[in-house]
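Remarks on the overall topology
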Amino acid sequence: MSILPPDMDESAFAAFLNDLRGAVGEDWVWSSDTDMFPYRDAFSPVWNTPEEIQASSAVAPADVAQVQEVVRIAKRHRVPLHPISTGKNFGYGGASPNVQGSAVLDLKRMDRVIEVNEERNYCLVEPGVSYFDLYRHIQERGLKVMIDCPDPGWGSPVGNALDRGVGYTMPQFRDHFGAHCGMEVVLPDGELMRTGMGAMPGADSWQEYPYGFGPDPSGLFAQGNFGVVTKMGFRLMPQPEYYRTGLVRVPRRRDLIKLVHHVNYLSDSGMVSEVRFASPLSALLGDPDFAALATKLGGPSDAEMDAAASAAGLHSWAIDLQFLGPEAATAAQWEYARDRILSDIPGAEALDGDHFALPATEAQLENDTQPYPTAIRRKGALGIPSLGIWEIVRDDGHVGFFPVLPRDGEAVFEMQRVLGDASREYPLPPYFSAVTAPLFWHSNTFQMVFAPSIRRDDPEHNAMVHRAMKHMVAVAAEHGWGDYRAAPIYQDDVAATYSFNGGALRKFLEAMKDAVDPDGIIAPGRGGVWPARFRP
Amino acid sequence: MKVLFASVLLGAALSLSVAAQSEDPQVAHGRQVFERQCAPCHGRGPGDDRSPMLPGTAALAEKYDGARPAALEDRSDLSAPVITLFVRRGSGAMPFFRASELSDADIAAIAAYLQTSSAD
C-alpha cells in the first residue's frame, strides 16, 4: 500500500516522482514499500499504529544544484520535503518526517569534507559527512585538530548540530550548534544563501566569524524548517598535547550544592573538559531496601540518605574531572581543582586518575589504566568516533526525553523528586531517584535522562512508553524544565511547553514560516513550527 | 643481519602488494564498505572501555551461544540476499540502512568480502 503526499492523487504523485528522476537520475528516487522501509523510525513507540508518520518517497541529490532543483520541484508540486543528513537521529525520529507522505530529502550522497584547516582550527563539511568520515579525513592527513563527536560516530556533524546535539570535550566544542561557524542554505524557493561572512563575496573568514553584519538567521535552521543546510562550518580544538583525569568524592548528600558551584567555576573558566557527575550510592540500587528509599514518594530525607551512605561506607557524590592541554597545565589545573574543592567541603577526597600524552595509544584508548571505576567513555572524551555505545541500546531501541535544568544542586534534588514521583506509575527502570546525577552535556546547563526502550512487536509496552513520554514532558514543564530535542511525534508536545505570553515565540516563528515558505514545503511541523497550510 | 632483516621486510611488503593487486575489485570494495559501515559494530575487535566485544558482535554471540561465529568476518554462510534482509529490515537494536548509504552493489560486495575473510 503506497503512501501519498498530502492533497495528492496517484497520477500527480507519479508526475512528481518523474520530475525528481529528471533532476537527480533514476537511481536516486525511491517510493516502493521495500525501499521506503528503512526511512521509518526504527525506534518508534508508535510503530505500526495510526500515529506512526511515514514518508511517501525519498530523493538523494548529489550536489547543491540538485538540492535547489528538488526544492523547486517540491514547491511546484506542493509536496513537503523532510531533509535528513546521514539519517541516524535515532531516539529522535530517525529519518521519519512530521507529515505523513512527505518526501525525504536524503543528503547522504553529499559527503565531501570541503576543508579542514589546522592553522585556523575549523572545518567545512557537507551534510552527508559522518563523524567517522571527518575523523578519518583528519587522521589520513595527519592534521593536528580534534573533533568533538556524540556517542555514535555514524551521525552527521551537520545533522547533529542542527538538532543541537552534544559531545564530550571542552565546553566551547561539545555544544555542536554553538560550535558551528557559517552555513550555506537552500531556501524554500530554491535560492541559495550563505550566513555570516559567507554572505560577503571574497571573504576568507566564513568559518571564523559567524555573524557577518545584521541579523544572523542561522538559529532558524536548527530544529527548524526554513531551509536545507548544504554546508556547515565548525570550530575545532587544536590537538591537545596531554590528557589527565581525576576523581573527587564528597560524603554527604547536600555536598552536591557546593560541588556544583565548584564545577560551574571550573567549567566556565575553561579549566575542565566535560565533567561526569555520579553517585557511588547507585551501586546499592540492587538492594530492595535501598531502592525503596531512593525512590520513595516525595523523596528521602538528607539524613536518611546520609545514613545509608555511612552504613555502606560510600560517598554520596563523585565527579570525574578531565583536563586537556599542555602536560604542565593539566597538572596545575587538576591540582587547583582538587585543592579548591577539598578546602571547601569537609570530608571530600581526591584520587589521581590517568594521564598521558596525546594522541593516545591503543591501550590507553581501551581505558583499562584508569585507577578507579569511571563513567567516562574514553573515545568520546578524546573526540574519537565509535559505535561502542550501542551496547546500551536495549530491546529494539528507545525514545529520549532530556529535560534541561539549572546548574544548581537544589534543582537537581527537585527534579529527582518531582520526576521520580511522576514516573512511579510506569513499569520502567527508575530513571529518576535520589541518586540520579545530572548530565553536563550542554556547556552551561544540566539535563537528566528519561529513555525507555521500545519493542516493535509489543504494542502494549510501546503505548505505555508513549503515555509516559507525554506525561513526563507535561510534568516537567509545570516546573520550568523543557526538553531540548524531540522526535517528530513529540515535537508539538514539547513546543507547546515553551508558551510564554500566549506562545509568542511560536506565533513569531510561524509568521516567518508563512512568509518564507508559503507552500509549507520544508519540513512542516519540525520544531513545532507549522505553516498555515498544515496548521490545525 | 641488517641486510637479511631488510630483505625479509622487503619480501613481506612485496607479497602484501601482490596480494592487494590481485584482490578481486568487488572483494576490495566489500572490504572497504565492511570496514566503514559494518566493522564499528560487527568487527572482531574489543568494544569500548573494556567491553570484550563490539555491540553487534556481542549481540550475535549471545544469540548464537557458540553455534555460529559471532564476528561476521568469520561467517561463510552470509549471502547477499541474507545480508540484504538484515541491512534493509534491521534486527533488534540494529536499525535499517537505506539504499542511499548502502547500495545493493555495496551489499553484494560485502557478501563477496565475507566469503574471503571467513576463509582467512
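In this convention, every chain numbers its residues from 1, walking through the sequence in written order. To read the labels, note that chains go from A and ligands from 1, taken in the order they are written. A pLDDT threshold of at least 70 governs which residues receive local features in this predicted model, and a stricter bar of 80 or more applies before side-chain atom pairs are shown or counted, although totals over entire chains, interfaces and linings include all residues.

**So, the overall build of chain B**
Here is the rule we go by: Starting at the N terminus, helices and strands are each numbered in turn, a helix being any DSSP run of H or I of at least four residues and a strand any DSSP run of E of at least two. Between the buried cut of 20 or more and the exposed cut of 12 or fewer other C-beta atoms within 10 Å of a residue's own C-beta lies the partly exposed class, and all C-beta atoms are placed from the backbone. This entry defines residue contacts through backbone-placed C-beta atoms, with two residues in contact when those atoms are within 7 Å.
From N to C terminus, chain B includes five helices and zero strands. Listing the helices and strands of chain B from first to last along the sequence gives α-α-α-α-α. Counting over 120 residues, chain B shows a buried share of 33%. When contacts within chain B are restricted to residue pairs at least 6 apart in sequence, those whose partners lie at least 24 apart make up 58%.

**Concerning the interface of chain A and chain B**
Definition in use: Three residue categories are used. Nonpolar comprises Ala, Val, Leu, Ile, Met, Phe, Trp, Tyr, Cys and Pro, charged comprises Asp, Glu, Lys and Arg, and polar comprises the others, including Gly.
Each partner contributes residues to the interface: chain A has 29 residues there, and chain B has 24 residues. The residue makeup of the side of chain A that touches chain B, split by class, is 11 nonpolar, seven polar and 11 charged.

**Some details on the sheet that holds strand S15 (residues 349-357) of chain A**
Residue and element names in this part refer to chain A. Put simply, the rule reads: Pairing between two strands is assigned when DSSP locates at least 2 bridges connecting them. Where helices are involved, their axes are fitted lines through C-alpha atoms of the stretch in contact, as for all axes, and angles between N-to-C directions lie from 0 to 180°.
Taken in spatial order, the four strands of this open sheet run S13-S14-S12-S15, and their pairing is antiparallel. Lying at the two open borders of the sheet, with one neighbouring strand each, are strand S13 (276-278) and S15. Recorded for the sheet is a direction-independent mean angle of 15° between the axes of neighbouring strands. As paired strands, strand S12 (residues 242-250) and strand S14 (residues 317-325) are joined by nine bridges and run antiparallel to one another. Looking at S14, one finds that arginine 244 is bridged to phenylalanine 323. Its contacts with the sheet place helix H7 (residues 255-268) against S12 and S14, and it is angled at close to 10° to S14. Against the sheet, helix H10 (residues 327-342) engages S12, S14 and S15, with an angle of about 10° to S12.

**Overview of the environment of alanine 468 of chain A**
All names here are of chain A. Looking at the secondary structure, you find alanine 468 in helix H14 (residues 459-478). Among the residues examined, alanine 468 registers 22 C-beta atoms within 10 Å and is labelled buried. With 402 residues separating them along the chain, alanine 468 and glutamine 66 place their C-alpha atoms 42 Å apart. Apart from the residues within four sequence positions on either side, alanine 468 is in contact with Ser423, Tyr426, Leu428 and Pro452.

**Re unusual backbone geometry**
All names here are of chain A. The peptide bond linking leucine 358 to proline 359 adopts the cis configuration, its omega dihedral lying at 0°. For proline 359, the location among the structural elements is in the loop between S15 and helix H11 (362-365). Positive phi, normally seen in glycine, also occurs at arginine 164, with a value near 55°. Turning to its location among the elements, arginine 164 is positioned in the loop between helix H5 (157-162) and helix H6 (171-174).

**What about the sheet that holds strand S6 (residues 122-125) of chain A?**
Residues and elements named next belong to chain A. Taken together, five strands build an open sheet; the order of strands is S5-S6-S10-S8-S9 and the sheet is antiparallel. Two strands in the sheet have a free side with no partner beyond their single neighbour: strand S5 (113-117) and strand S9 (192-194). Going from strand to strand, the sheet's axes swing by 10° on average, the running direction of each strand aside. Packing against the sheet, helix H4 (residues 131-141) makes contact with S5 and S6, and its axis sits at approximately 50° to S5.

**What about the environment of phenylalanine 86 of chain B?**
By secondary structure assignment, the location of phenylalanine 86 of chain B is in helix H4 (residues 80-89). When the C-alpha atoms of phenylalanine 86 of chain B and alanine 28 of chain B are compared, they prove to be 22 Å apart, with 58 residues separating the residues in sequence.

**Quick word on the nonpolar core**
Residue and element names in this part refer to chain A. Worth spelling out the cut-off: Linking buried Ala, Val, Leu, Ile, Met, Phe, Trp, Tyr and Cys residues through C-beta atoms within 7 Å yields a set, and such a set is a nonpolar core.
Core analysis: the biggest nonpolar cluster contains 153 residues, and Leu20, Ala58, Val59, Val70, Leu81, Ala103 and Leu259 have the highest contact counts within it. Once residues lying within four places of it in the same chain are set aside, the contact partners of alanine 58 are Trp30, Met36, Tyr39, Ala103, Val104 and Asp106. Counting residues in hydrophobic clusters, the runner-up holds nine residues, among them Leu281, Met305, Ala308 and Ala309.

**What about helix H3 (residues 64-77) of chain A?**
Residues and elements named next belong to chain A. For the record, the criterion: To estimate the expected span of a helix, subtract one from its residue number and multiply by 1.5 Å.
For H3, spanning 14 residues, the distance from its first C-alpha to its last is 20 Å, which sits close to the expected 20 Å at 1.5 Å a residue. The complete set of buried residues in H3 reads Val67, Gln68, Val70, Val71, Ile73 and Ala74. One or two positions beyond H3, positive phi appears at arginine 78, with a value near 60°.

**Digging into the domain arrangement of chain A**
Residues and elements named next belong to chain A. This is how it is decided: Note that the domain bounds were set by an automatic or database domain assignment.
Partitioning chain A into structural domains gives domain 1 (10-108 + 516-534), domain 2 (113-238), domain 3 (242-388) and domain 4 (404-497). Inter-centroid distance (C-alpha atoms) of domain 1 to domain 4 is 29 Å. Between domain 1 and domain 4, the contact holds 19 residues from the first and 17 residues from the second. When its residues are assigned to classes, the side of domain 1 that touches domain 4 shows seven nonpolar, nine polar and three charged.

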